[in-house]
Amino acid sequence: MKLRIIFSIIASRLTRFGLRILGRGGTALPGKVALKICPDILRTLARDVKTIVITGTNGKTTSSRIVEQILTEAGLSYFANRSGANLIQGIVAEFAMHSKVTGKPKCDYAVIECDEAASVMVCKYINPVVVLVTNIFGDQLDRFGDVMNTLENVKAGIKNSPSAVICLNADCSLSASIAREIENQVIFYGVDTEIYRERIPEVSDAAHCIFCKARYEYDYSTYGHLGGFNCPKCGYKRPQPRVAVGKILNQSADSTTVEMLVDGETLVACISIPGGYNIYNAAAGMAVALALGISKDAAARALAGVESGFGRMEKLPLGGVSARMILVKNPAGCNQVLNFLSNMDGQALFVICLNDNVGDGRDVSWIWDVSFEILGTMGDRLSGVIASGIRAHEMALRLKYAGLPVEKLRVIPDYDQLIDAMAGQDKPVVIMPTYSAMMELREKIAGKYGLKDFWE
Ligand SMILES: [Zn+2]
């Protein structure tokens, strides 16, 4: 058995090394190889590692980067599955990379972003010390189906984590409901106030009570179905969070400053990644810090030093032009980018890259569920919109229906031409690509302006 573990780890690492030489990163193969040799390998590798599993529909990657920063600030050793390989094979490969060949860990902690459906198996083998659920939204590009399915998957993962502290979003009626069915210690986090000055009207993924089907009432709402919900019929309501964002003091294109109430004590936190939804990710990070016994001051310092990750508000080099790229996977995520854009001070150029390859979801009809109408109300603050990618023309049609003035709209399907158009003007650019569009565009920008490979 021992030999098999050693062989499994070495084989996995050699595969990863070989793939790197070939210039390929972030594939499932090294993990597959390890699992083939030793199907139980993850249990062995994770036994002496305190693992934080991060799951949920939106915000997993950013929350993971925030938790990483908090561990760094606290001086703890950890590793993370940073390339976004969040299925079991990718997670196995990451553990294999960070173990000695005998299977003993090199780090005390691991920050593991985990796909909702994969969390069932991953948690069973890993036995995490903390599980963070960011939120649960409908994901029309998701191969695992509807909201309730996602909720059941996440719940099953938590039920396989008997010794974990569970951090739940108090404002998400779906995630918060999990607390009723588990024995674990729960730490709720949430936002006590509205976060946007102006906001897109959205279709709620959870308008009706999960327990009795009555329509929720809201004291306030932040975005999507998140907010101060209560059920007038059965009394299910937003639990009082231990980490509560009370006031939004300042929101800029580069950061957000908030007042946070943590265990009844007020602190001011600057969050170095912009966007209203990142306020939730920051509060989630603070909840994880409490779960791990890390001081709230250390956690607050960490929030100020977080760098945005791959495709999550990622800053791109584009000559002298400031550009941020935000990957979108579903209408809820898309609406949040639009909220960010419309709450930005100053002028901006908006670029949408719509592809329909396998990684994007072949069906792009979801763009009709996104409230692009807000673009038409931005006036001079929107210098223009460029529709790009394989389905640029369909995107342009959607924008015309949304009432975007035609003189503001350009259609540039080709990425080389798009890069020249973005670099050839002086306004900040917000780029919203689907997955394969992001990969393609990143590669082209890397060729022209230099950019780190994403698995580094
Ligand atoms: Zn109810």
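Every value quoted in this text rests on a predicted model; they were computed, and no experiment measured them.

Thresholds, definitions, all that
Residues numbered from 1 in each chain as written. Predicted model: local features only at pLDDT ≥ 70, side-chain atom pairs only at ≥ 80, totals over all residues. Heavy atoms only, no water. Pairing = 2+ DSSP bridges. Helix = DSSP H or I, 4+ residues; strand = E, 2+ residues; numbered from the N terminus. Axes fitted to C-alpha atoms, helices over the stretch in contact; angles between N-to-C directions. Contact = heavy atoms within 4.5 Å. Donors = N, O, S within 2.8 Å, 3.2 Å for Na, K, Ca; no water. Tetrahedral: all angles 85-135°; square planar, octahedral: opposite > 155°, others 65-115°. Buried < 20%, exposed > 50% of the residue type's maximum accessible area, 1.4 Å probe, protein only. Domains from an automatic or database assignment. Buried area = accessible area lost by both parts, 1.4 Å probe. Salt bridge = Lys/Arg side-chain N within 4 Å of Asp/Glu carboxyl O. Polar contact = N/O pair within 3.5 Å; in protein donor to acceptor, adjacent residues only side chain to side chain. Nonpolar A, V, L, I, M, F, W, Y, C, P; charged D, E, K, R; others polar.

1. Notes on the sheet that holds strand S1 (residues 50-55)
In step 1: The strand order across the open sheet built from nine strands is S2-S3-S1-S4-S5-S6-S9-S10-S11, with neighbouring strands paired in mixed fashion. Each edge of the open sheet carries a strand with a single partner, namely strand S2 (78-80) and strand S11 (265-271). Each neighbouring strand pair of the sheet contributes to a mean axis angle of 20°, computed without reference to strand direction.
In step 2: Relative to strand S5 (residues 165-169), strand S4 (residues 130-133) runs parallel, the two sharing four bridges. Each bridged residue has a counterpart across the sheet, and for valine 130 the counterpart in S5 is valine 165.
In step 3: Strands S1, S2, strand S3 (109-113) and S4 of the sheet are contacted by helix H4 (residues 60-73), whose axis makes an angle of about 170° with S3.
In step 4: Here helix H5 (residues 88-97) sits on the sheet and contacts S1, S2 and S3; the angle it forms with S3, its principal contact strand, is near 160°.

2. Digging into the coordination of the zinc ion
In step 1: Those donors, Cys209 (SG), Cys212 (SG), Cys231 (SG) and Cys234 (SG), are the protein atoms that reach the zinc ion, and they lie 2.2 to 2.3 Å from it.
In step 2: Coordination geometry of the zinc ion: the four donor atoms subtend angles of 96 to 116° at the metal centre, consistent with an arrangement described as tetrahedral.
In step 3: If you list the donors of the zinc ion from N- to C-terminus, the spacing comes out as C-x2-C-x18-C-x2-C. Here cysteine 212 is found in the loop between strand S6 (186-191) and strand S7 (217-223), whereas its partner cysteine 231 is found in the loop between strand S8 (226-230) and strand S9 (243-251), with 19 residues between them in sequence. The pair cysteine 212 / cysteine 231 is uniform in exposure class, with both members buried.

3. Side note on the domain arrangement of the protein chain
In step 1: Each assigned domain of the protein chain is listed here: domain 1 (2-303) and domain 2 (312-449).
In step 2: For domain 1 and domain 2, the distance between their C-alpha centres works out to 27 Å.
In step 3: Listed by partner, the interface residues are 25 residues for domain 1 and 27 residues for domain 2.
In step 4: Summing both partners gives a buried area of about 2200 Å² for domain 1 against domain 2, and 50% of it is carried by carbon and sulfur.
In step 5: Remark: the boundary between domain 1 and domain 2 carries zero salt bridges.
In step 6: The interface formed by domain 1 and domain 2 includes one residue pair in polar contact (both at pLDDT 80 or more).
In step 7: Sorting the residues of the side of domain 1 that touches domain 2 by element identifies H4 and helix H9 (277-292) as the ones contributing at least two each.
In step 8: Of the residues belonging to the side of domain 1 that touches domain 2, the class tally is nine nonpolar, ten polar and six charged.

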